Each structure stands twice: as C-alpha cells, then as structure tokens.
Amino acid sequence: MTRILVIEDDTAIRDTVTDILEFAGYTVLKASNGIIGLEVAQTELPDLILCDIMLPGLDGYGVKLALNNAPQVSSIPFIFITARAARED
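To keep things clear, this report deals only with the structure shown in the data block. Sequence order as written defines residue numbering, which begins from 1 separately in each chain. Selection of residues for local features in this predicted model requires a pLDDT of at least 70, selection of side-chain atom pairs for listing and counting requires 80 or more, and totals for whole chains, interfaces and linings are taken over all residues. Hydrogens are left out, water is left out, and the side-chain values use all remaining heavy atoms of the structure.

What follows covers the overall build of the chain. We count a stretch as a helix when DSSP gives it H or I for four or more residues in a row; a strand needs E for two or more, and each element gets its number in order from the N terminus. Helices and strands together make up the secondary structure of the chain, namely three helices and four strands. Secondary structure elements of the chain, listed N to C terminal, follow the sequence β-α-β-α-β-α-β. Whereas a compact globule of 89 residues would reach a radius of gyration of roughly 12 Å, the chain reaches 12 Å, a difference of no more than 12%. Each of the three principal axes of the chain carries a C-alpha extent, and together these read 35 × 35 × 20 Å. Summary of the burial criterion: residues with accessible area below 20% of their type's maximum are buried, those above 50% are exposed, and those between are partly exposed, where the area comes from a 1.4 Å probe applied to protein chains only. Looking at the 89 residues of the chain, the share that counts as buried comes to 38%. Long-range contacts, defined here as pairs at least 24 residues apart, represent 64% of the contacts in the chain between residues at least 6 apart. Of the roughly 5,200 Å² of accessible surface on the chain, 55% is carried by carbon and sulfur atoms. Neither His nor the chain termini are counted; the positive set is Lys and Arg, and the negative set is Asp and Glu. Working definition for charges: the position is that of NZ of Lys, CZ of Arg, CG of Asp or CD of Glu. Taken together, the 6 basic and 13 acidic charged side chains of the chain have centroids lying 4 Å from each other. Our radius of gyration looks at C-alpha atoms and nothing else; its globule reference is 2.2 Å times the residue count to the power 0.38. Whether two residues touch is decided by their heavy atoms; if any such pair falls within 4.5 Å, the residues are in contact. Values of accessible area rely on a 1.4 Å probe in the Shrake-Rupley scheme; residue burial ignores everything except the protein chains shown.

Attention now moves to unusual backbone geometry. Negative phi is the rule for most residues except glycine; trans is the rule for most peptide bonds. You will see that Leu-45, though not glycine, has its phi angle at about 50°, which is positive. Residue Leu-45 is classed as partly exposed on the basis of its relative accessible area of 42%.

Moving on: the pattern of salt bridges. Between side chains of opposite charge, pairing is possible as soon as their charged atoms come close. Throughout this description, the term salt bridge denotes a Lys or Arg side-chain nitrogen within 4 Å of a carboxyl oxygen of Asp or Glu. Using the criterion set out here, one finds one salt bridge in the structure. A salt bridge links Glu-44 to Arg-3, with the nearest nitrogen and oxygen atoms 3.3 Å apart. With Glu-44 in helix 2 (residues 34–44) and Arg-3 in strand 1 (residues 3–7), this residue pair connects regions lying 41 residues apart in the sequence.

Moving on to the environment of Glu-44. By relative accessible area, which is 35% here, Glu-44 ends up partly exposed. Distance from Glu-44 to Leu-5, taken between C-alpha atoms, is 9.0 Å for residues 39 residues apart in sequence. If near-sequence neighbours (up to four positions away) are discounted, Glu-44 is found in contact with Arg-3 and Leu-29.

Moving on to the environment of Ala-24. Tracing the sequence through the fold places Ala-24 in the loop between helix 1 (11–23) and strand 2 (27–31). Under the relative-accessibility criterion, Ala-24 is labelled exposed at 52%.

The subject of this paragraph is a negative patch on the surface. The residues that make up patches have over 30% relative accessible area and no salt bridge, and they are joined within 9 Å when like-charged or within 5 Å when they are Val, Leu, Ile, Met, Phe, Trp or Tyr. Negative charge collects at one region of the surface, where Asp-9, Asp-10, Asp-15, Asp-19 and Glu-22 lie side by side. Position of Asp-10 relative to the elements: it lies in the loop between strand 1 and helix 1.

Next comes the structure, spelled out in structure tokens:
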C-alpha cells in the first residue's frame with residue numbers, strides 16, 4: 001500500500017487531505033510542521049510527500065532542501081500544497 005506523508009500546519013486542511021487520501025485507500029502519515037515532517041520522512045520513508053509551503057519553524061522550501069541533501073529520502077516524490085493563489089506566488 002502506498003504511504004503518503006502530509007506536512008500541513010492547519011489542522012482542518014491536514015485532516016481533510018488525510019480523509020480524502022485514506023478514503024482512496026492510501027496510508028497517511030501526518031506532521032504539523034516542517035521539523036516533524038522531516039523527521040517522519042527520514043524514519044518512515046513514505047512513497048510520496050505532500051507539503052505546505054508556509055509552515056512554522058522550517059518552511060516547505062527548507063523541508064525540500066533538507067530532503068534533497070539526505071540520500072535516503074532525496075528521491076521521494078514531493079509535491080508542494082499551498083493556499084496561496086495570487087499570480088505572483
């Protein structure tokens with residue numbers, strides 16, 4: 001079964017994304033900030049990471065950079081999720 005890590009600080013969004021993925025049959029790992037998300041990624045080795053950009057502590061860009069520099073997790077597919085919708089974002 002595919003395991004997906006959702007890194008999102010907004011509880012409602014994290015729970016909604018988790019519910020949708022679990023309903024579709026995926027196993028979901030959750031993290032409420034970038035530091036925890038990075039730790040979960042390195043210990044659980046998910047098949048996919050969905051990560052918010054604006055996170056407390058370590059933002060999504062920092063998570064992606066840290067993952068890129070860690071050989072055991074650098075090849076995990078990674079998708080940014082964000083509520084930002086302005087063209088300049």
